[in-house]
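Below, each chain spelled out in residue letters.
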2 protein chains.
Amino acid sequence: MLRTHTCGELNSSHLNQTVTLSGWIQKIRNLGGMTFIDLRDRYGITQLTFNSATLPELHKKIEDYGREWVIQATGTVIERSNKNKNIPTGDIEIVVTDIQVLNSSLLPPFTIEDESDGGDELRMKYRYLDLRRNPVKNNLIFRHRLALEIRNYMNKIGFLEIETPFLIRSTPEGARDFIVPSRVNEGEFYALPQSPQTFKQLLMMSGFDRYFQIVKCFRDEDLRADRQPEFTQIDCEMSFVEQEDVLTTFEGLVRHIFKTFKNIEIPQIERITYEEAMRYYGTDKPDARFDMRFVELNSLTKHREFKIFNEAELVIGIVAKGCASYSRKQLDELVDFVRRPTIGASGLIYILCQPENYKSSVDKFYAQEDLKRIAEHCQAEEGDLILIMAGKTEKVQKQLGELRLEMGTRLGLRSKGVYKPLWVVDFPLLEWDEETQRFYAKHHPFTSPKPEHIPLLTTEPAKVKANAYDLVINGSEIGGGSIRIHDNALQKKMFEVLGFKAEEAEEQFGFLLNAFQYGCPPHGGIAFGFDRLCAVLSDVESIRDFIAFPKNNSARDVMIDAPSPVTQEQLDELKLKVVSNEKNIT
Amino acid sequence: MLRTHTCGELNSSHLNQTVTLSGWIQKIRNLGGMTFIDLRDRYGITQLTFNSATLPELHKKIEDYGREWVIQATGTVIERSNKNKNIPTGDIEIVVTDIQVLNSSLLPPFTIEDESDGGDELRMKYRYLDLRRNPVKNNLIFRHRLALEIRNYMNKIGFLEIETPFLIRSTPEGARDFIVPSRVNEGEFYALPQSPQTFKQLLMMSGFDRYFQIVKCFRDEDLRADRQPEFTQIDCEMSFVEQEDVLTTFEGLVRHIFKTFKNIEIPQIERITYEEAMRYYGTDKPDARFDMRFVELNSLTKHREFKIFNEAELVIGIVAKGCASYSRKQLDELVDFVRRPTIGASGLIYILCQPENYKSSVDKFYAQEDLKRIAEHCQAEEGDLILIMAGKTEKVQKQLGELRLEMGTRLGLRSKGVYKPLWVVDFPLLEWDEETQRFYAKHHPFTSPKPEHIPLLTTEPAKVKANAYDLVINGSEIGGGSIRIHDNALQKKMFEVLGFKAEEAEEQFGFLLNAFQYGCPPHGGIAFGFDRLCAVLSDVESIRDFIAFPKNNSARDVMIDAPSPVTQEQLDELKLKVVSNEKNIT
């Protein structure tokens, strides 16, 4: 070993010991007669001292050294006269007697400090340098600890981690697959898994009644901010269970994680149906750190001459406590907020519940009596602000949902360090797509309808509810799952409702339909987004900060410059031709 | 939960309890008045009993049931009159009072028993049924336990598991990459990693001085028996180390694994140089469970008229203890063995050390005195058999190596349950390829030459030894690694020796060469084949038995029928065209 200790472990118990440290130069301070080097490694920083009077040659030797050089220093641990209480090694320093350069370094393109001066792009290009920074380093250490703790917990409750294949079969249902040409099987392709869904179901058929896996998954989507083409999932499945069993089991995991990493005792996780979530929060992933529920105002608003309300399918409002004193400017800001293209509303109506009267942007349509009734219905009190939006149900719910979050942020109701997990249950099984004029599976085609709703599959598919559930924490969807179909006939019916021809279903999922016939147990499961879980537990917005080598929004790794063209030889071996350029030429 | 207990946990401490079990019907025995069902789940088998006299309706209900049906049974635990000492639940049985069919089953295409009647192909097609069999199930449970134990051990000694990307950049050096077309970046491709090599080196540059990962890797090779296009690696890297540190660290891991899973204390692992391994065993992965070293016989054999020996570059022999009594037939079998196409020798020479004289297949060329000298040189004793082969050095070493293993097997020297790990060290850095007339890296292009051999890189590259090492257990290569180059100039030199033009090296590995300039610490590591490790620890030949869903020798998953053609739409989106068919048409 090129060291006897790390840069994070020496303290006054090591006084007078001769030690060797290796690490990176964080900082050099040359005070003339004395030079100090802060030496850094994964574990911390230790101060090295060089005295020009006692060891002039050594002092001379280090003159050229710079930031991020890698050195090995041997010396004696002494007590520091000027103690630094902020770091664990702050009581001591090393009087260096010998030093070696293990490697020099160019000046890094940005500073390796907790707060870096490097822009996002630069830091991605030099990700190996960005990873030296404490915040990023600590994120990856946290991720490691979290993964290991989850594995040990799952093992303790009888789950087996079983690896499923990465080179699988492409199925056009769902998101877009990444495909992998096969050289040995000419003209054929593997697909990278979007999730191990079918394999974990096959494992249930095999009798592995408690499976999990922390595993990479792949989706070739047009990337939105903070989506990655490859992401990590905690994938879980259980047999001989009903929905309640799955929720209870993973509530245990969630509570364990919060206890272990946050020292927080999560009380029983509240449940809310999909319908309630949409009705009260306008989203299926409500931030439950604050209430501010939607109040429906149709009947209270549709009796006057105000066209916008009268023509709206839905009129809903929220109450912002204590905001009746909002200025014109503040109110305009809110209007601007809902008019952003990403939200797309044309405006909003406010009612300020002031001490003497109600002041509203629709004063000319509604009398004080009307406004009072609305305020009472909303349980708004003196000093509160009511914000009202109107329009088509789904659209206005979404818009007011965004405004609710904005108000939550403005009012400081979305505090870091506060965690409100929530089970959202009773999702609809299907979603109608106007464009293709067909139903799509809301979760995936293997999700079980509620048994009592099975008859509706034929008569009113849109009304069928699923035994499906999401885990939401602070407005982020952390996990989702369902009880699966375990019956061959029902699965076939489901494919039929999704518009598959019998041959297509057979072609794509024949192996699964076949497997159902050999004693498939009732089963269900859940998958958690591991990257997102890391971020949410750390109160960080971006999942990228928890991925060692992430891709950018164009799905590129700018550090290694991937993807990249391949050689003609590689394409020839695969019998492939890139046709875009050809078209441009002809 | 559809059960109160599993089928593996009930015993006489549960007598008179009412329990509910769920599982698969392993066997039904209808003895007229009584019917017995063996109910199976992951945890074991429990006997259910049905009495036609007391509960005739229930007895009637189960008449149709068959093997592999999934049922839920409720009843009372009673003491068994006819105890089965072979299974943990053998003291009890369940008098069933209620039963439900959770799913029926077709008759499986092969029996779900420890020894199945299903052929390899059938069992692969119905892998989900094969996985129900105890031996396969137990292999996956073992794999799970081994992975978790390794993770906990590595964590304990300060290693962090860090996930590296799967969508990386293709590099033509080394084995063939699987490539993944990018839709967003037209005409460009990702590659799936053959190993996280460059990323783990970048992590060392980032200061994560102890990294590991249990991770899938991919190689598009022409499959030999027992190779998989996707396989799992325990990938490890450390900074501020020399070769000795890496060997010591992972010797600790190996010893821990053997102690934990085999209750075997492995003494210090012996080391052997690559040269010695080739000289004494004819292979770089010797089975060290038995000695039977090669003895060089050039000087003792080249003084007579025997052309084969005289013309040979190398004459070597092994001693098979106590085999002087081998019959003509047995000796012919050995000749046939070495003449197999996979071994490719033209024959072998034997000397039987019989009590009265030496009997040899070359009696007419060598006098008793000659044979005696050979026997003495080989330390062969009365009763032993000497087997001698001659030819070009590398070829004959390989051939005698195979014969040595065959003799080891015949003499029972390769016992299951005996483990002899071995470090093979001092590998050559480079390998000359006649076909392409260039050097290839024996391990990979990032392996460090021994510092004292660096000057030879320019003068005699073939003689350069590397700080590279393999872990071999019982003749299987379980792991391999090296100290890496951490110096930019040396890495460039290495690419030069490998015949890269400077631009090519820059194009393909520029990010790495660049990274070397920002303070790269000395580092090294190792990677273990996890599939192989599972197999070797279980004394099983095939790694497939430890993979839940393996591919066959044509890289196909016959269960899901992958790879498969994709839709024209998918190819169009990727701007790709499969050109083989086109050619066939024109």
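Treat the numbers as computed from the prediction; the structure is a model and nothing was measured.

### Regarding the sheet that holds strand β5 (residues 92-103) of chain A
Residue and element names in this part refer to chain A.
Phase 1: Pairing is mixed in the closed barrel, where five strands are placed in the order β1-β2-β3-β5-β4. Strand after strand, the sheet turns through a mean of 55° between neighbouring axes, direction not considered.
Phase 2: Of the pairings in the sheet, the one linking strand β4 (residues 70-79) to β5 comprises ten bridges and is antiparallel in character. When the bridges of β5 are listed, G75 appears paired with V96.

### So, the interface of chain B and chain A
Phase 1: Contact with chain B, which involves 124 residues of that partner, is made by 124 residues of chain A.
Phase 2: Here chain B packs against chain A, burying approximately 11,300 Å² in sum over the two surfaces, 60% of which is carbon and sulfur.
Phase 3: Notably, a salt bridge pairs R176 of chain A with E573 of chain B, separated by 2.8 Å at the nearest N-O pair.
Phase 4: Where chain B touches chain A, the interface holds 74 residue pairs in polar contact (both at pLDDT 80 or more).
Phase 5: Per-element tally for the side of chain B that touches chain A: the top contributor is helix α4 (residues 134-156) of chain B, with nine residues.

### Observations regarding unusual backbone geometry
Residues and elements named next belong to chain A.
Phase 1: For the peptide bond that leads from A562 to P563, omega is 0°, which places it in the cis range.
Phase 2: With respect to the helices and strands, P563 occurs in the loop between α16 (530-537) and α17 (568-573).
Phase 3: Unusually for a residue other than glycine, Q379 sits at a positive phi of about 55°.
Phase 4: With respect to the secondary-structure elements, Q379 resides in the loop between α11 (368-377) and β16 (385-391).
Phase 5: Taking the relative accessible area as the measure of exposure, Q379 reaches 65% and is therefore exposed.
Phase 6: Phi at N474 takes a positive value of approximately 50°, unusual for a residue other than glycine.
Phase 7: Turning to its location among the elements, N474 is positioned in the loop between β20 (468-473) and β21 (476-483).
Phase 8: On the accessibility criterion, N474 (10% relative accessible area) is buried.

### Quick look at the relation of the copies chain B and chain A
Phase 1: Rotating chain B by 180° and moving it 0.0 Å along the rotation axis overlays it on chain A with an RMSD of 0.0 Å. Taken together, the rotation and translation relating the two chain copies correspond to the operation of a two-fold axis.
Phase 2: Interface residue correspondence from chain B to chain A reaches 100%, placing this contact among same-surface, isologous pairings.

### Digging into the sheet that holds strand β22 (residues 523-529) of chain A
All names here are of chain A.
Phase 1: With respect to topology, eight strands assemble into an open sheet ordered β6-β9-β10-β22-β21-β20-β17-β11, the strand pairing being mixed. At either margin of the open sheet sits one strand with a lone partner, and together these are β6 (160-161) and β11 (270-273).
Phase 2: Of the strand pairs in this sheet, β6 and strand β9 (residues 210-218) are connected by two bridges, and their pairing is parallel. Residue pairing for β9: E161 is matched across the bridge by F212.
Phase 3: Helix α5 (residues 197-205) contacts β9, β10 (230-239) and β22 of the sheet and is inclined by roughly 25° relative to β10.
Phase 4: Against the sheet, helix α7 (residues 274-281) touches β11 and β17 (421-425), its axis set at about 85° to β11.

### Structural notes on the domain arrangement of chain A
By a widespread convention, an interface's size corresponds to the accessible area lost as its parts come together.
Phase 1: Assigned domains within chain A: domain 1 (12-103), domain 2 (138-272 + 422-546) and domain 3 (290-414).
Phase 2: Between the C-alpha centres of domain 1 of chain A and domain 2 of chain A there is a distance of 52 Å.

### Side note on the nonpolar core
Phase 1: Counting 139 residues, the largest nonpolar core has L192 and L202 of chain A together with L192 and L202 of chain B as the members making the most contacts within it.
Phase 2: With near-sequence residues (within four places) excluded, L202 of chain A lies in contact with F511, L512 and A515 of chain A together with Y128, F549 and M559 of chain B.

Rules behind the numbers
- Residues numbered from 1 in each chain as written.
- Chains lettered and ligands numbered in written order.
- Predicted model: local features only at pLDDT ≥ 70, side-chain atom pairs only at ≥ 80, totals over all residues.
- Heavy atoms only, no water.
- Pairing = 2+ DSSP bridges.
- Helix = DSSP H or I, 4+ residues; strand = E, 2+ residues; numbered from the N terminus.
- Axes fitted to C-alpha atoms, helices over the stretch in contact; angles between N-to-C directions.
- Contact = heavy atoms within 4.5 Å.
- Buried area = accessible area lost by both parts, 1.4 Å probe.
- Salt bridge = Lys/Arg side-chain N within 4 Å of Asp/Glu carboxyl O.
- Polar contact = N/O pair within 3.5 Å; in protein donor to acceptor, adjacent residues only side chain to side chain.
- Buried < 20%, exposed > 50% of the residue type's maximum accessible area, 1.4 Å probe, protein only.
- Least-squares fit on C-alpha atoms with pLDDT ≥ 70 in both.
- Domains from an automatic or database assignment.
- Core = buried A, V, L, I, M, F, W, Y, C linked by side-chain atoms within 4.5 Å.

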